[in-house]
Amino acid sequence: MQDNVDVVVIGAGVIGCAVALELAREGRQVLVIDRHAGPGLGSTSASSAIVRYHYDHLDEAVLAWEAGRRWMDWPQYLGTVDPQGMAEFVRCGALVLDGALMDREAPLAHLRTLGIAVEELTAEEVASRFPAIDPSRLGPPTRTDDEQFWAEPTGTIGAFWTPDAGYVSDPQLAAANLAHAAACVGVEFRFATEVRGVGRDDGRVCSLSIATSDGRTTEIHPRTVVNAAGPWSSALNRMAEVLDDFNTSTRPLMQEVISLPAPQGFGVDDGGTSVTDPDFATYFRAHGAHTLLVGGMEPPCDPLVYLDSPDDAVEQVSAETWELQSLRLARRMPSATIPSQPRGIVGVYDVTEDWIPIYDRTSLDGWFVAIGTSGHGFKQ
């Protein structure tokens, strides 16, 4: 590894690897540093990898749609085929139910502005097209110990449907594909390596002190640094002393996604889709022929679990989350079955106060950030 490089990207998740690939394609010498043993082993590996285009903000919808076109033709975008295998885009569509946690008019307007195919559905059309889903109005969302959770429906809800949405089959493999493509155009990767210090000279980043897992330390001198370290990004920004002009903050947020058997008629090959349910505060998608992944939409009744450090995250889905999300799903999909053994994935998001990512320069010349992406990294 050379001591002097054009750009150091900190973080080899899906964002960091994509940034490195594009910078190298522009002719820059790029080094990627990551504390894990390989690409995509942090937040990326725990992603539900949903690719959707319905957003409250037009800029985010544009980013997601442009990224979606690349996912749809992944080998062409990468310009190479990874010998360890290729992640695949599964075009299963996205169904967005009506509900208090989302104002449908804003995302609908953005979809139409961008010319993205979208269809509005009545409750009867939802039930006909997706018979496993009950289009009853169940909300507002509550906890299972609240009698309102079990109340009778108060009507029905409609939805809108975007057929070109879907998900990426293997998020960790997708990051590895990006890393392989980046390496093919000259990007160097240094894994099991952490940044321990940031040097400044006359208002500009001038050096990084890095340490490998075996305790060796060295100093490198990049012209530019891109902080794409996910939930570790806020600690790096404090180290670089660049938070003075931030008007929002980022924090690590623990997220739990459970895994359940898919009801008959809801596998990818027999009518399953990606569902956003702002009426009862879940999102879920088919994963292959027999599985559902289910996550929450952070309603006011669900406490957010912020961490001092991403390393403080628990390793297994909690019994409380398992019960809450599985029962919410069962009310929306009455044919769902709930196994006795909890299964799922625990991940850590990097979130801003308004849940909008930050792609920007900072007060330290040469220090850029691609942070606060929460669950949107794969979509963008």
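In this report, the structure presented in the accompanying data block is examined. (Residues numbered from 1 in each chain as written. Predicted model: local features only at pLDDT ≥ 70, side-chain atom pairs only at ≥ 80, totals over all residues. Heavy atoms only, no water.)

## Observations regarding the overall build of the protein chain
Thought 1: A tally of helices and strands in the protein chain yields eight helices and 20 strands.
Thought 2: Radius of gyration (C-alpha) of the protein chain: 21 Å, near the 21 Å computed for a compact globule of 380 residues.
Thought 3: Here the C-alpha coordinates of the protein chain stretch approximately 65 × 40 × 40 Å along the principal axes.
Thought 4: When the 380 residues of the protein chain are sorted by exposure, 55% land in the buried category. (Helix = DSSP H or I, 4+ residues; strand = E, 2+ residues; numbered from the N terminus. Rg over C-alpha atoms; globule rule 2.2 N^0.38 Å. Buried < 20%, exposed > 50% of the residue type's maximum accessible area, 1.4 Å probe, protein only.)

## Overview of the layout of surface pockets
Once rolled over the atoms, a probe with the size of a water molecule shows which space is left empty.
Thought 1: Estimates place the volume of the second largest pocket at around 680 Å³.
Thought 2: In terms of lining, the second largest pocket is formed by 25 residues, of which the most central are Ile15, Ala18, Val19, Glu22 and Gln380.
Thought 3: Those elements that place two or more of their residues in the lining of the second largest pocket are α1 (14-25), α2 (58-72), α3 (74-78), β12 (217-227), β19 (358-361) and β20 (367-371). (1 Å grid on protein atoms, 1.4 Å probe; cavity = no way out; pocket = protein on both sides within 12 Å on 5 of 7 lines; lining within 4 Å. Points joined across faces, edges and corners; volume = space filled by probe spheres on them.)

## Quick look at the side chain of asparagine 237
Thought 1: With respect to the helices and strands, asparagine 237 occurs in helix α7 (residues 233-240).
Thought 2: Residue classification places asparagine 237 among the buried residues on the basis of a relative accessible area of 1%.

## So, unusual backbone geometry
Thought 1: Each neighbour pair has its own omega, and for glycine 139 with proline 140 the value is 10°, a cis peptide bond.
Thought 2: If you trace the backbone, proline 140 turns up in the loop between α5 (123-129) and β7 (159-162).
Thought 3: Backbone geometry at alanine 49 places phi at a positive 60°, although glycine is not the residue there.
Thought 4: With respect to the helices and strands, alanine 49 occurs in the loop between β2 (30-33) and β3 (50-51).

## Digging into helix α8 (residues 319-332)
Thought 1: Compared with an ideal rise of 1.5 Å per residue, which puts 14 residues at 20 Å, α8 spans 20 Å between its outermost C-alpha atoms and is within 8% of the ideal.
Thought 2: Listed as buried for α8 are Thr321, Trp322, Leu324, Gln325, Ser326, Arg328, Leu329, Arg331 and Arg332.
Thought 3: As for α8, its buried residues are in contact with β5 (94-97), β13 (250-261), β14 (274-277), β15 (282-287) and β16 (291-296). (Expected span 1.5 Å × (residues − 1). Contact = heavy atoms within 4.5 Å.)

## Considering the environment of methionine 102
Thought 1: Structurally, methionine 102 can be placed in the loop between β5 and α4 (105-113).
Thought 2: Methionine 102 gets classed as buried once you look at its relative accessible area, which sits at 19%.
Thought 3: In sequence terms methionine 102 and alanine 228 are 126 residues apart; their C-alpha atoms lie 28 Å from each other.
Thought 4: In this structure methionine 102 touches His54, Val96, Pro107, Thr276 and Pro278, once residues within four positions along its chain are discounted.

## A word on helix α6 (residues 171-184)
Thought 1: Between its terminal C-alpha atoms α6 stretches 20 Å, which fits the 20 Å expected from 14 residues at 1.5 Å a residue.
Thought 2: Most of α6 sits inside the fold, with ten of its 14 residues counted as buried.
Thought 3: For α6, every residue scored as buried is listed here: Pro171, Leu173, Ala174, Ala175, Ala176, Asn177, Leu178, Ala179, Ala181 and Ala182.
Thought 4: The inward-facing, buried residues of α6 contact α1, α2, α3, β8 (166-168) and β9 (188-190).
Thought 5: Sitting at the amino-terminal end of α6 is aspartate 170, which places a side-chain oxygen 3.2 Å from the backbone nitrogen of glutamine 172.
Thought 6: Backbone geometry just after α6 places glycine 186 at a positive phi near 105°. (Polar contact = N/O pair within 3.5 Å; in protein donor to acceptor, adjacent residues only side chain to side chain.)

## What about the pattern of salt bridges?
Thought 1: This model, assessed by the stated rule, comprises 18 salt bridges.
Thought 2: A salt bridge links glutamate 22 to arginine 25, with the shortest nitrogen-to-oxygen separation between them at 3.5 Å. Taken together, the residues span about one helical turn, with glutamate 22 and arginine 25 both in helix α1 at a distance of three residues.
Thought 3: A residue is classified by how much of its surface remains accessible, and glutamate 22, at 33% relative accessible area, is partly exposed.
Thought 4: Given a relative accessible area of 36%, arginine 25 falls into the partly exposed group. (Salt bridge = Lys/Arg side-chain N within 4 Å of Asp/Glu carboxyl O.)

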